Amino acid sequence: MAATLRIQSDWSQALRRDEGEAWLSCRSPGKPTLYGSLTRRGLSTEGVPDIAASEGFVVGEVTKKSILISCPHENVSTKFLAPYTTFCRIHQKSITCLDISSGGGLGVSTSTDGTMKIWQAANGEIRRQLEGHVYDVNCCRFFPSGLVVLSGGMDAQLKIWSAEDASCVVTFKGHKGGILDTAIVDRGRNVLSCSRDGTARLWDCGKSACLGVIADCGSPINGIAVGTADNSLNLGTPEKPPSEREVGTEGKILLLAREDKKLQGVGLQSRQPVFLFVGSDAFNCCAFLSSTYILAGTQDGNIYQLDVRNTNSPIQVIHRSGAPVLSLLPYRDGFIAGQGDGTCFIVQQDLDYVLDLTEADCDPVYKVASWEKQIYTCCRDGIVRRYQLSDL
């Protein structure tokens, strides 16, 4: 894997003052790490800091919130981005999950302080508190309408909430262990959940009933993703005709990121296995990049890119640190990844540099959500950070 550039987490504050300094490093596998520093020499006429790098590093474009650094010797460049704004008052403790509504106006988040809240995405102002789960809530997401929230908790319950009045409209029971992730099929007449109990289930929102166990793999399922499968893929045929309450399951594949180091693909309508890929460690999360390409992240820091038509060997394995990959989000022509050491980075096909979303200092970034050019992250330090991407 290529070399990785790192920067002091609070570099943008450190470089605000004259003579301010921030450390840099460039780590390449099998070689000694190169350490260096950035020093602020003053301000340019446009009000942008004039930054100089120590030997071995080169400073590229600098704006008020970003700095492009390269290490020519290792042929690597990274653009570091500081948050546009941070929300510290939404929760008191670690924030385990978040999502942004389809219109970009609302956020929802869960925390180890025992709360789940809906807030204004622009300023972090709390609008609603969603109360009803026993113990911690593990995951939350908006339905495509942006008016309804789906959540899953340690109490093995899946709940649907109105974002407008905070009422819980549906509760699904059936899992025997804490719910670890959810997914929504199309517009949301059916939803999916996965659990510590080793199963993934399909639910009918209108009748608040379980439509079936899609997979039972005897190992906790840490993450799921649903997507339309490539036409050439054989998804298998259902053993019995699907219920008429099943809506939009045809032609779809469900990915399961399993604790037993396996990434599995299952035909959503057929319930038949499509592929099984064995990775280096427990899989934490998975995502579709397209109908053919998928991503999955492991506990030991590997991000596998696979082609669903042939999962024998990965297209590529991205490894930036040994920290657990906790969140993967498709974004434009690439993806955003959050890791257990506080790193959060964006890889885009047409960019010759990695975009690094900075400020979390060794605290895990549990989840990443996006709305247009705004990226939101939630972290163990209890802060929601919003990053503003300029034109990539």
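This write-up is about the structure you can find in this document. In this text the structure is predicted, and so the values were computed from the model without any measurement. (Residues numbered from 1 in each chain as written. Predicted model: local features only at pLDDT ≥ 70, side-chain atom pairs only at ≥ 80, totals over all residues. Heavy atoms only, no water.)

1. Notes on empty space enclosed by the protein
- One pass over the full model with this rule turns up one cavity of 30 Å³ or more.
- Considering only enclosed or pocket space, the largest cavity measures out at about 50 Å³ in volume.
- Gly342, Cys344, Leu357, Thr358, Glu359, Ala360, Val365, Thr377, Cys379, Arg385 and Tyr387 are the residues that line the largest cavity.
- Elements with a contribution of two residues or more to the lining of the largest cavity: β34 (374-379) and β35 (384-388).
- Its residues assigned to classes, the lining of the largest cavity shows six nonpolar, three polar and two charged. (1 Å grid on protein atoms, 1.4 Å probe; cavity = no way out; pocket = protein on both sides within 12 Å on 5 of 7 lines; lining within 4 Å. Points joined across faces, edges and corners; volume = space filled by probe spheres on them. Helix = DSSP H or I, 4+ residues; strand = E, 2+ residues; numbered from the N terminus. Nonpolar A, V, L, I, M, F, W, Y, C, P; charged D, E, K, R; others polar.)

2. Things to note about the packing of aromatic side chains
- In the structure shown here, the tally under the stated rule is seven aromatic pairs.
- The interplanar angle of 70° and the centroid separation of 5.1 Å between the aromatic rings of Phe277 and Tyr304 together place this pair among those described as edge-to-face. Taken together, the residues span a long stretch of sequence, with Phe277 in strand β24 (residues 273-278) and Tyr304 in strand β27 (residues 302-307) at a distance of 27 residues.
- Tyr304 gets classed as buried once you look at its relative accessible area, which sits at 7%.
- Through a chain of ring-to-ring contacts, the aromatic side chains of Phe87, Trp119 and Tyr376 assemble into a single cluster.
- One cation-aromatic arrangement involves Arg320 over Phe345; the distance from NZ or CZ to the ring centre is 4.6 Å. (Phe/Tyr/Trp six-rings, centres within 6.5 Å; stacked < 30°, edge-to-face > 60°. Buried < 20%, exposed > 50% of the residue type's maximum accessible area, 1.4 Å probe, protein only. Lys NZ or Arg CZ within 6 Å of the ring centre and 35° of its normal.)

3. Considerations on the sheet that holds strand β32 (residues 354-357)
- In space, the seven strands of this open sheet follow the order β5-β6-β7-β32-β31-β30-β29, with mixed pairing throughout. Among the strands making up the open sheet, the edge pair consists of β5 (58-62) and β29 (325-331). Sheet twist, expressed as the mean angle between neighbouring strand axes with direction ignored, is 20°.
- When strand β31 (residues 344-348) meets β32, the two strands line up antiparallel, connected through two bridges. Along β32, the bridge assignment pairs Phe345 with Asp356. (Pairing = 2+ DSSP bridges. Axes fitted to C-alpha atoms, helices over the stretch in contact; angles between N-to-C directions.)

4. Considerations on the pairing of strand β9 (residues 95-100)
- In terms of burial, β9 is a largely internal element, five of the six residues being buried.
- Inspection of the sheet shows β9 paired to strand β10 (residues 106-111) by five bridges, in the antiparallel sense. The residue bridging Ile95 from the neighbouring strand is Ser111, located in β10.
- In this structure, the hairpin formed by β9 and β10 is closed by a connection of five residues, where Gly104 is found at a positive phi of approximately 85°.

5. Quick notes on the sheet that holds strand β11 (residues 116-120)
- The strand order across the open sheet formed by four strands is β9-β10-β11-β12, and the pairing between neighbours is antiparallel. In the strand order of this sheet, the two ends are held by β9 and β12 (126-129), each with one partner. With direction set aside, neighbouring strand axes in the sheet form an average angle of 20°.
- Note: β10 against β11, five bridges, orientation antiparallel. Among the inter-strand pairings, Leu106 is bridged to a residue of β11, identified as Gln120.

6. Quick look at the layout of surface pockets
- Computed from the structure, the largest pocket encloses a volume of approximately 1,500 Å³.
- In this structure, the largest pocket is lined by 46 residues; those nearest its centre are Arg141, Asp181, Thr182, Ile224 and Lys367.
- Among the secondary structure elements, those contributing two or more residues to the lining of the largest pocket are β9, β13 (137-142), β17 (179-185), β21 (221-228), β25 (283-288), β29 and β33 (365-371).
- Top element by residues in the lining of the largest pocket is β13. It accounts for six residues.
- Across the lining of the largest pocket, the residue classes break down as 26 nonpolar, 13 polar and seven charged.
- Computed from the structure, the second largest pocket encloses a volume of approximately 530 Å³.
- What lines the second largest pocket is a set of 28 residues, and nearest its centre among them are Gln316, Ile318, Phe335, Val347 and Gln348.
- Counting only elements with at least two residues in the lining of the second largest pocket, the list comes to β7 (76-81), β26 (293-298), β28 (316-319), β29, β30 (334-339) and β31.

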